[in-house]
Amino acid sequence: MSDINIASIKEEIAKSVAEAKTREELEALRVKYLGRKGALADITQTLSTMAPEQRPEFGRQINEFKKEVLDIFSRKEKDLGSAGAREAVSFVDIGMPGIAQEIGRMHPLTQIIKEICTIFSRLGFIIVEGPEIETEENNFTGLNIPLDHPSRDAFDTFYLKDKKLLLRSHTSPVQIRTMKSRKPPLAVVVPGRVYRPDALDASHSFMFHQIEGFLVDKNIKFSDLKGTLEMFAKSVFGKDIKMRFRPHFFPFTEPSAEVDISCIICKGKGCSVCGRKGWLEVLGSGMIHPNVFKHVGYDPDKYTGFAFGMGVERIAMLKYGINDIRLFYENDLRFLKQF
Ligand code: 2NL
């Protein structure tokens, strides 16, 4: 065996590798030339038949040959690989319009809840949540709501089978829980779902959202309530609105007031949204009743406080001019996308 033979075998390999068109053809050539019974094995075999003094030089030539042949194969492999990739790329028509990715957003009620909670956070209120299944004690008794009060009736509250438990009809029980587990000074807002057995129509739902808040400390006055709620209403509805506190009755506050803002549509002149009154009711509020303090173990001679509650749907409907509460629950993207 001489180096001329090696050179001609190398030439043959280079030629057939160059002609290979697929990975399969290349693999077959690899077996043919480099496999166990291939050309390289034959050449290596002849080494043992040579005169000892010729062997080192011939061994060196075989190693060289092997390295060059491996190079030929790996270059071809790269060629076939990138040719395959080019073929795949050619299927992508970069002139086609793209597939638009829909960007999600928060539900309008979630947005309003966050906005309102943020306003009160800036004033130092903490945000607390609690269970939707409650006891009669937390939902009614602790709030100074008497046993014969109409809101305790099964027509106005969802009672569970065992009668001791119910679906909370307002978020106030979370405030009772918070007062029981902490000590004043306290400033808390509570957002969440509440439930009442009302028939569904444009302004009623068996489930809706409330945000309630309270503040307890020494020397808290009605003027603190007014200042806090004015700050809140102007942040949500704009600094030009006017406010009105109307005397009202709630069992859990004394004195109590309903809070109106000047109509954001007609600016107080009177229109169909405000029922020609020029005012829109947005909140209930008052000074926390001494009986509520006694129930949670606070001394009513030492502490005073204010509390307020609002319906989130109502605030959102007024702010955005929405006239049907059911729109919030139907998940119609044509509605939701507007916020
Ligand atoms: C309304 C009226 C109100 C409260 C909620 C409250 C809670 C505790 C003690 C005293 Cl623990 N009061 N909450 C007070 C006044 C009014 O909500 O019309 N909500 C939609």
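These numbers come from a predicted model, not from an experiment.

## What about the overall build of the protein?
Here is step 1: Per the secondary structure count, the protein includes 11 helices and nine strands.
Here is step 2: Its C-alpha atoms give the protein a radius of gyration of 41 Å, clearly above 20 Å, the size a compact globule of 339 residues would have.
Here is step 3: On the principal axes, the C-alpha backbone points of the protein span a range of 120 × 45 × 40 Å.
Here is step 4: Counting over 339 residues, the protein shows a buried share of 40%.
Here is step 5: Sequence separation of 24 or more characterises 65% of the internal contacts of the protein that already satisfy a separation of 6 or more.
Here is step 6: With the model as given, the accessible surface of the protein reaches about 19800 Å², and the carbon-plus-sulfur share is 55%.
Here is step 7: With 49 positive and 45 negative side-chain charges, the protein shows a separation of 4 Å between the mean positions of the two kinds.

## Observations concerning the site of the ligand
Here is step 1: Taken together, the neighbourhood of the ligand is formed by 15 residues, with Q175, E212, G284, A307 and G309 sitting nearest.
Here is step 2: One nitrogen or oxygen atom from the side chain of E212 is found 2.7 Å from a nitrogen atom belonging to the ligand.
Here is step 3: Interatomic distance of 3.3 Å between a backbone N/O atom of G309 and a nitrogen atom of the ligand.
Here is step 4: Computed on the free molecule, the ligand has an accessible area of 490 Å², of which 88% lies beneath the protein chains in the complex.
Here is step 5: Among the elements that line the shell around the ligand, the one with the most residues is strand β9 (residues 304-311), at four residues.
Here is step 6: By residue class, the composition of the shell around the ligand is eight nonpolar, six polar and one charged.

## Examining unusual backbone geometry
Here is step 1: Residue P185 follows P184 across a cis peptide bond; omega there is 0 degrees.
Here is step 2: Here P185 lies in the loop between α7 (172-181) and β4 (186-195).
Here is step 3: Cis geometry is adopted by the peptide bond preceding P255, which originates at E254 and carries an omega value of -5 degrees.
Here is step 4: In this fold, P255 is placed in strand β7 (residues 253-262).

## So, the packing of aromatic side chains
Here is step 1: Under the criterion given, the structure shown has 12 aromatic pairs.
Here is step 2: Linked through ring pairs, F120, F125, F232, F306 and F308 together constitute an aromatic cluster.

## Structural notes on the pattern of salt bridges
Here is step 1: Counted according to the given criterion, the structure contains 17 salt bridges.
Here is step 2: Between R60 and E57 there is a salt bridge whose closest N-O contact spans 3.0 Å. Of this pair, R60 and E57 are both found in helix α4 (residues 55-89), three residues apart, which corresponds to roughly one turn of the helix.
Here is step 3: With a relative accessible area of 44%, R60 lands in the partly exposed category.
Here is step 4: The exposure class of E57 is partly exposed, given its relative accessible area of 40%.

## Points about the sheet that holds strand β5 (residues 207-217)
Here is step 1: In space, the seven strands of this open sheet follow the order β1-β4-β5-β9-β8-β7-β6, with mixed pairing throughout. Since the sheet does not close on itself, it has two edges, and those belong to β1 (126-127) and β6 (243-250), each with one partner.
Here is step 2: Two strands pair when backbone bridges link them, and β4 and β5 are joined in this way by 10 bridges, in the antiparallel orientation. Pairing of V188 across the sheet is with F214, part of β5.
Here is step 3: Helix α5 (residues 108-122) contacts β1, β4, β5 and β9 of the sheet and is inclined by roughly 5 degrees relative to β5.

## Thoughts on the side chain of S285
Here is step 1: Looking at the secondary structure, you find S285 in strand β8 (residues 279-288).
Here is step 2: The residues touching S285, leaving out its near neighbours within four places in the chain, are L225, L229, F245, F250, T253, S256, A257, V259, A307 and F308.

Quick notes on the rules
Along each chain, residue indices are assigned from 1 in the same order as the chain's sequence is written. Reporting of local features is limited, given that this is a predicted model, to residues whose pLDDT is at least 70; pairs of side-chain atoms are given and counted only at 80 or more, and all residues count toward the totals for whole chains, interfaces and linings. Note that the side-chain values use all heavy atoms of the structure and ignore hydrogens as well as water. Numbered from the N terminus, helices here are DSSP runs of H or I no shorter than four residues, and strands are runs of E no shorter than two. To get the radius of gyration, use the C-alpha atoms; to get the globule rule, take the number of residues to the power 0.38 and multiply by 2.2 Å. Between buried and exposed lies partly exposed: a residue is buried under 20% and exposed over 50% of the maximum accessible area for its type, with that area taken using a 1.4 Å probe on protein chains only. When checking whether two residues touch, look at their non-hydrogen atoms; a contact exists if any pair is within 4.5 Å. Accessibility throughout is a Shrake-Rupley quantity obtained with a 1.4 Å probe, and a residue counts as covered only by protein chains that appear here. Under the convention used here, Asp and Glu are negative, Lys and Arg are positive, and both His and the chain ends fall outside the count. Charge coordinates come from a single atom per side chain, which is NZ of Lys, CZ of Arg, CG of Asp or CD of Glu. Think of it this way: one heavy atom of a residue within 4 Å of a molecule or strand is enough to make that residue near it. In protein, a polar contact requires one atom able to donate a hydrogen and another able to accept it; more generally it is a pair of N or O atoms within 3.5 Å, and residues adjacent in sequence count only if both atoms are side-chain atoms. Basically, the charged four are Asp, Glu, Lys and Arg, the nonpolar ten are Ala, Val, Leu, Ile, Met, Phe, Trp, Tyr, Cys and Pro, and anything else, Gly included, counts as polar. Any two rings among Phe, Tyr and Trp, with Trp reduced to its six-membered ring, count as a pair given centres within 6.5 Å; such a pair is stacked if its planes are under 30 degrees apart, edge-to-face if over 60, and tilted if neither. By definition here, a salt bridge exists when the distance from a side-chain nitrogen of Lys or Arg to a carboxyl oxygen of Asp or Glu is within 4 Å. Strands pair, by our definition, only if DSSP identifies at least two bridges between them. Where helices are involved, their axes are fitted lines through C-alpha atoms of the stretch in contact, as for all axes, and angles between N-to-C directions lie from 0 to 180°.

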